[in-house]
Amino acid sequence: LAAVRLFHHLHLFKSASVEFVLPMDFRKCLHVKARGEVYPGSEIQRFPVPDEKVDWAVSWADYKPVDYTAPSLFRRPPWADPPYSDEGELDTPLKFNHLDGGVDRMSHIVSYNVVNGFPRNPCGRTGVRGRGLLGRWGPNHAADPIVTRWKREAGKTMTHSHSGKPVLQFVAIRRRDNEEWAIPGGMIDPGEKVSVTLRREFGEEALNSLQLPEAERQEMKLLINTLFQAGEMVFKGYVDDPRNTDNAWIETVAMNFHDEQGDSVGKLNLQAGDDAGAVKWMDINQRQKLYASHTALLHQVAQMRNAHW
């Protein structure tokens, strides 16, 4: 994804400008951010994994990943699976690759292996086993709403001087954990429809960062409900996220909700602030450095909209 070769090999959904490829190409993925030297939110050093050793099919007897699960997960929050070092410790075994009660343990793209009772990251080794910061063993399902509008000046759509294509903007939030700019997404609750998660996460992360009077906030919620009635699939699959481990990883559904005329959410005058948690309209272009695989998702949107990149 982005600077990550995964995204070049893995386009699982057909759009106006993206060719469909066979799921087998997923095996060629090579995550990068999921092999960062230090695991986020900790001082844990990942076991170094070179490119040629990422694939589980490559034998590596000396591979000794660090075992790390965030201490907060041992307090058993309701959104997380129970901790275990042997599946015999569980009262009820987890049903990997299946719908397990309200928890969806199926991958969007592949039936993953379960080794000694633990799910194995289908994209390969990460240098950390356990769950890290992630609540679920196996896939942790997320949703990323990409809300866009055309950049305008004096009512006219602006085009880029180099490409001659119109400039697209998206709603960006600055994450509180690392202050990186990102798409305002989040995790899907058990039993929740993706469409509900997309709307909820955008409302919570984008609008709650604004100091809007209650009347204006309610008006914006109505505009969001209107805009979110129709969206276009951008991506569905594995995300190269720095929180991923050998046994837990993030998969997402990214949808584009485009305000063509700029008369709904697009008219909101978002302003960047100096504090973490800021929100703003950000131009989409290839120079962006965003959280996880978000730059690659926006590249996909720019292609779909025939916008400047």
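Residues numbered from 1 in each chain as written. Predicted model: local features only at pLDDT ≥ 70, side-chain atom pairs only at ≥ 80, totals over all residues. Heavy atoms only, no water.

Okay, the overall build of the chain next. Helix and strand content of the chain: 4 helices and 15 strands. Classification of the 309 residues of the chain by burial places 51% in the buried group. Considering only contacts in the chain between residues 6 or more positions apart, those separated by 24 or more positions represent 68%. Accessible surface for the chain amounts to roughly 15,400 Å². Of this, 49% is attributable to carbon and sulfur atoms. (Helix = DSSP H or I, 4+ residues; strand = E, 2+ residues; numbered from the N terminus. Buried < 20%, exposed > 50% of the residue type's maximum accessible area, 1.4 Å probe, protein only. Contact = heavy atoms within 4.5 Å. Areas by Shrake-Rupley, 256 points an atom, 1.4 Å probe, with all protein chains shown as cover.)

Turning our attention to the packing of helix H2 (residues 194–207) against helix H3 (residues 214–227). Where H2 meets H3, the axes come as close as 11 Å, and the angle between the chain directions of the two elements is 145°. Handedness of the crossing formed by H2 with H3: right-handed. Here Arg199, Phe202, Gly203 and Leu207 of H2 come into contact with H3, specifically with Arg217, Met220, Ile224 and Asn225. Looking at the contact of H2 with H3, its residues break down into 4 nonpolar, 2 polar and 2 charged. (Axes fitted to C-alpha atoms, helices over the stretch in contact; angles between N-to-C directions. Left-handed = near helix turned anticlockwise from the far one by under 90°. Nonpolar A, V, L, I, M, F, W, Y, C, P; charged D, E, K, R; others polar.)

A few words now on the packing of aromatic side chains. All told, the structure shown has 12 aromatic pairs when counted by the stated rule. Note on Phe202 and Phe228: the rings are 5.7 Å apart at their centroids and 40° apart in plane angle, and the pair reads as tilted. Pair noted here: Phe202 is in helix H2 and Phe228 is in the loop between H3 and strand S13 (232–238), with a separation of 26 residues, a long-range link. On the basis of relative accessible area, Phe228 is assigned to the buried category, the value being 7%. Ring geometry for Phe228 versus Phe257: centroids 4.0 Å apart, planes at 5°, classification stacked. Linking Phe228 in the loop between H3 and S13 with Phe257 in strand S14 (residues 248–259), this pair joins segments that are 29 residues apart in sequence. Overall, Phe257 belongs to the buried group, its relative accessible area being 3%. Taken together through their ring pairs, the aromatic side chains of Phe47, Trp56, Trp60 and Tyr63 make up a single cluster. (Phe/Tyr/Trp six-rings, centres within 6.5 Å; stacked < 30°, edge-to-face > 60°.)

This next bit is on the pattern of salt bridges. Counted by the stated rule, this structure contains 12 salt bridges. Note that Asp100 and Arg105 form a salt bridge whose closest N and O atoms lie 2.9 Å from each other. Take Asp100 and Arg105: they sit in the same class, and that class is buried. Ionic contacts of the salt-bridge type, sharing partners, join the residues Asp81, Asp100, Arg105 and Arg136 into one network. (Salt bridge = Lys/Arg side-chain N within 4 Å of Asp/Glu carboxyl O.)

So, on to unusual backbone geometry. Even without a glycine there, the phi angle at Ala154 is positive, about 55°. Mapping Ala154 onto the fold places it in the loop between strand S8 (152–153) and strand S9 (156–157). The backbone of Asn306 shows a phi angle near 55°, a positive value even though the residue is not glycine. Following the sequence through the fold, Asn306 ends up in the segment after helix H4 (294–305).

What follows deals with the environment of His308. Assignment of secondary structure puts His308 in the segment after H4. Residues His308 and Ser163, 145 residues apart in the sequence, show an inter-C-alpha distance of 6.3 Å. Residues contacting His308, with those up to four places away along its chain left out, are His160, Ser163, Lys165, Pro166, Val167, Ile284, Asn285 and Ala302.

Over its 14 residues, H3 runs 20 Å from end to end, which matches the ideal 20 Å to within 8%, given 1.5 Å per residue. Restricting attention to buried positions, one finds in H3 the residues Arg217, Met220, Leu223, Ile224 and Leu227. Looking straight down H3, one finds that the buried residues subtend no more than 120° of arc, so they occupy a single side. Every exposed residue of H3 that faces more than 90 degrees away from the buried side is listed here: Ala215, Leu222 and Thr226. Tucked into the core, H3 has its buried residues touching strand S7 (138–150), H2 and S14. (Expected span 1.5 Å × (residues − 1). Arc of directions from axis to C-beta.)

For the rest of this paragraph, the subject is H2. Helix length check: H2, at 14 residues, gives a terminal C-alpha distance of 19 Å against a target of 20 Å (1.5 Å per residue), a fit within 8%. Every buried residue of H2 is accounted for by Thr197, Leu198, Glu201, Phe202, Ala206 and Leu207. Of the surrounding secondary structure, the elements contacted by the buried residues of H2 are S7, strand S10 (168–174), strand S12 (186–187), H3, S14 and strand S15 (279–283).

Note: predicted coordinates in regions of low pLDDT should not be interpreted at a detailed level. Here the chain averages 85 in pLDDT, and 86% of its residues register 70 or above. Across residues 1–27, confidence stays below pLDDT 50; counting only partners more than four residues off in sequence or on other chains, it has 57 contacts. Per-residue pLDDT stays below 50 along residues 272–276; that stretch engages in 12 contacts with residues further than four places along the chain or on separate chains. (pLDDT = per-residue confidence, 0-100.)

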